[in-house]
Amino acid sequence: MLEPLQFFITIVIISALSGILGALTGLGGATFLVPIYTLYMGIPIVYASGASLISTIATSSGAASAYIKDRITNIRIGMGLEIATTSGSIVGSLTTAYIYSHNLQFIIYIVFGIVLLSQVFVQISKSKYELPKAVKPDWTTKVFGLYGKYYDTALNRQVEYIGIRWWLGEIIMFFAGFISGLLGIGSGALKVLGMDWAMNLPMKVSTTTSNFMIGVTAATGSSIYWLFGYIQPFLSAGTAIGVLIGAYIGTKILVRITNKSIRYIFTAILIFLGIQMIMRGMGFGF
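Quick summary incoming for the structure in this document. (Residues numbered from 1 in each chain as written. Predicted model: local features only at pLDDT ≥ 70, side-chain atom pairs only at ≥ 80, totals over all residues. Heavy atoms only, no water.)

Summing up its helical and strand segments, the protein has 12 helices and two strands in all. Reading the secondary structure of the protein in the N-to-C direction produces α-α-α-α-α-α-α-β-β-α-α-α-α-α. Taken across its 286 residues, the protein has 58% of its residues classed as buried. Long-range pairs, those at least 24 residues apart, make up 80% of the contacts in the protein between residues at least 6 apart in sequence. Here the protein displays about 11,900 Å² of accessible surface, and carbon together with sulfur accounts for 70% of that area. (Helix = DSSP H or I, 4+ residues; strand = E, 2+ residues; numbered from the N terminus. Buried < 20%, exposed > 50% of the residue type's maximum accessible area, 1.4 Å probe, protein only. Contact = heavy atoms within 4.5 Å. Areas by Shrake-Rupley, 256 points an atom, 1.4 Å probe, with all protein chains shown as cover.)

What follows concerns the packing of aromatic side chains. Summed over the entire model, instances satisfying the criterion amount to six aromatic pairs. Seen from their ring centres, Tyr 100 and Tyr 230 are 5.3 Å apart, and the 75° between their planes marks the pair as edge-to-face. A residue pair is termed long-range when its members are at least 10 positions apart, and Tyr 100 in helix H4 (residues 75–101) and Tyr 230 in the loop between helix H10 (203–227) and helix H11 (233–254) qualify at 130 residues. The exposure classification of Tyr 100 matches that of Tyr 230, with both residues buried. With a centroid separation of 6.0 Å and 85° between ring planes, the pair formed by Phe 174 and Phe 175 is classed as edge-to-face. Phe 174 gets classed as partly exposed once you look at its relative accessible area, which sits at 32%. By relative accessible area, Phe 175 is classed as partly exposed at 49%. Pairwise contacts between aromatic rings join Tyr 100, Tyr 225, Phe 228 and Tyr 230 into one cluster. (Phe/Tyr/Trp six-rings, centres within 6.5 Å; stacked < 30°, edge-to-face > 60°.)

Moving on, we get to the nonpolar core. Residues Ile 45, Ile 108, Phe 112, Ile 179, Leu 183 and Met 277 are the most contacted members of the largest nonpolar core, which totals 32 residues. Elements that contribute at least two residues to this core include exactly helix H2 (30–40), helix H3 (45–69), H4, helix H5 (105–117), helix H8 (166–183), helix H9 (188–198), H10 and helix H12 (259–281). Here this core takes five residues from H5, the largest share from any one element. Dropping the residues within four chain positions of it, Leu 183 is found in contact with Val 34, Ser 49, Thr 96, Ile 108, Val 111, Phe 112, Val 115 and Tyr 225. In terms of nonpolar packing, the next biggest core, distinct from the first, is built from 18 residues, Ile 72, Tyr 161, Met 195 and Val 205 among them. (Core = buried A, V, L, I, M, F, W, Y, C linked by side-chain atoms within 4.5 Å.)

A few words on the environment of Tyr 37. With respect to the helices and strands, the residue Tyr 37 is situated in helix H2. In the structure, Tyr 37 is positioned 22 residues away from Ser 15 in sequence and 9.8 Å away in space, judged by C-alpha atoms.

Attention shifts here to the environment of Thr 96. Among the structural elements, Thr 96 can be located in helix H4. Each C-alpha atom of the pair Thr 96 and Leu 183 lies 7.6 Å from the other, and the pair is 87 residues apart in sequence. Setting aside residues up to four positions removed in sequence, Thr 96 forms contacts with Gly 181, Leu 182, Leu 183 and Tyr 225. Here the side chain of Thr 96 touches Leu 182 through a polar contact of 2.7 Å, landing on its backbone oxygen. (Polar contact = N/O pair within 3.5 Å; in protein donor to acceptor, adjacent residues only side chain to side chain.)

Where H8 meets H10, the axes come as close as 9 Å, and the angle between the chain directions of the two elements is 45°. The angle between H8 and H10 places the two elements in the oblique class. H10 is crossed by H8, and the crossing has right-handed handedness. Contacts between H8 and H10 involve Met 173, Gly 177, Ser 180, Gly 181, Leu 182 and Leu 183 on the former and, on the latter, Met 213, Thr 217 and Tyr 225. For the contact of H8 with H10, the residue count by class is five nonpolar, four polar and no charged. (Axes fitted to C-alpha atoms, helices over the stretch in contact; angles between N-to-C directions. Parallel < 35°, antiparallel > 145°, perpendicular 65-115°, else oblique. Left-handed = near helix turned anticlockwise from the far one by under 90°. Nonpolar A, V, L, I, M, F, W, Y, C, P; charged D, E, K, R; others polar.)

Another point: the side chain of Ser 15. Looking at where Ser 15 falls in the secondary structure, it is placed in helix H1 (residues 4–25). What makes Ser 15 buried here is its relative accessible area of 0%. Within the structure, Ser 15 has its side chain in polar contact with the side chain of Tyr 37 (distance 3.0 Å). Those residues in contact with Ser 15 that lie beyond four places of it in its chain are Leu 33, Tyr 37, Gly 238, Thr 239, Gly 242 and Val 243.

When the terminal C-alpha atoms of H8 are compared, their 25 Å separation across 18 residues agrees well with the 26 Å that a helix rising 1.5 Å per residue should span. Taken together, the buried positions of H8 are occupied by Leu 168, Gly 169, Glu 170, Ile 172, Met 173, Ala 176, Gly 177, Ile 179, Ser 180, Gly 181, Leu 182 and Leu 183. Directly beyond the C-terminal end of H8, a positive phi value near 80° is found at Gly 184. (Expected span 1.5 Å × (residues − 1).)

A few words on the side chain of Thr 209. Note that Thr 209 resides in helix H10. Not counting residues within four places of it along the chain, the set of residues in contact with Thr 209 comprises Thr 73, Asn 74, Gly 78 and Met 195.

With that settled, the discussion passes to the environment of Gly 50. With respect to the helices and strands, the residue Gly 50 is situated in helix H3. Residues Gly 50 and Ala 218, spaced 168 residues apart in sequence, show a C-alpha to C-alpha distance of 9.9 Å. Setting aside chain neighbours within four positions, we find Gly 50 in contact with Tyr 225, Tyr 230, Ile 231 and Ser 236.

Structure (structure tokens):
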């Protein structure tokens with residue numbers, strides 16, 4: 001059993017590593033923290049989820065500010081999609097309260113694992129592309145102004161892009177918000193999917209805009225977690241500090257590596273954690 005100071009330092013270190021990964025992939029450190037806390041540190045998933053929501057707000061604040069400064073984040077698209085994610089987050093948080101009150105936590109483990117693994121196919125199928133294929137603008141491109149450009153340091157050139165299928169992005173964002181509230185994460189995996197696959201945005205734009213959005217989504221869900229007593233201040237404080245440090249480091253790494261490298265990291269971690277979460281939900285311990 002770790003002493004309080006040792007426990008706090010351990011939490012900060014683990015959170016920092018998770019924050020780096022979260023900033024690189026657009027998932028937010030919380031996606032990695034909940035499995036690590038519950039599978040390897042014995043922290044009840046309800047409190048791990050509560051702490052991860054608080055850390056997600058810190059991640060978004062740290063990473064998003066740097067990405068906006070680098071002019072990679074598309075604020076117009078992010079704000080337009082945020083309406084759907086916050087609505088879904090409220091529904092998901094209320095569903096979580098029902099699940100925990102009826103001791104059905106195994107559902108959270110299994111759903112968490114499925115959510116992570118469901119992203120693998122899309123990531124593998126697109127891993128050979130550094131930038132999305134050129135597409136023709138649709139009516140949503142023109143109506144909502146889904147245009148953008150950024151300077152890619154890794155490619156050493158300016159990248160121009162357009163977004164399409166805004167309506168499909170909104171649908172996915174609602175479910176992303178629902179999963180965020182349900183699992184206590186920023187749900188960056190689904191946000192990245194919504195922008196990367198559904199709207200055909202470059203991976204770097206998807207991950208940076210996701211980081212911009214997840215803080216608002218997490219803030220919505222965390223208010224309900226606070227109401228039901230699922231937030232432990234000591235655990236949440238250490239988690240937030242570590243993730244914020246890691247997120248800052250991750251933003252410095254992101255601009256220097258390729259989209260394909262990000263995708264490979266993303267996929268490997270999703271497979272590993274997804275399988276273990278499902279096994280835990282099915283009663284297999286570690």
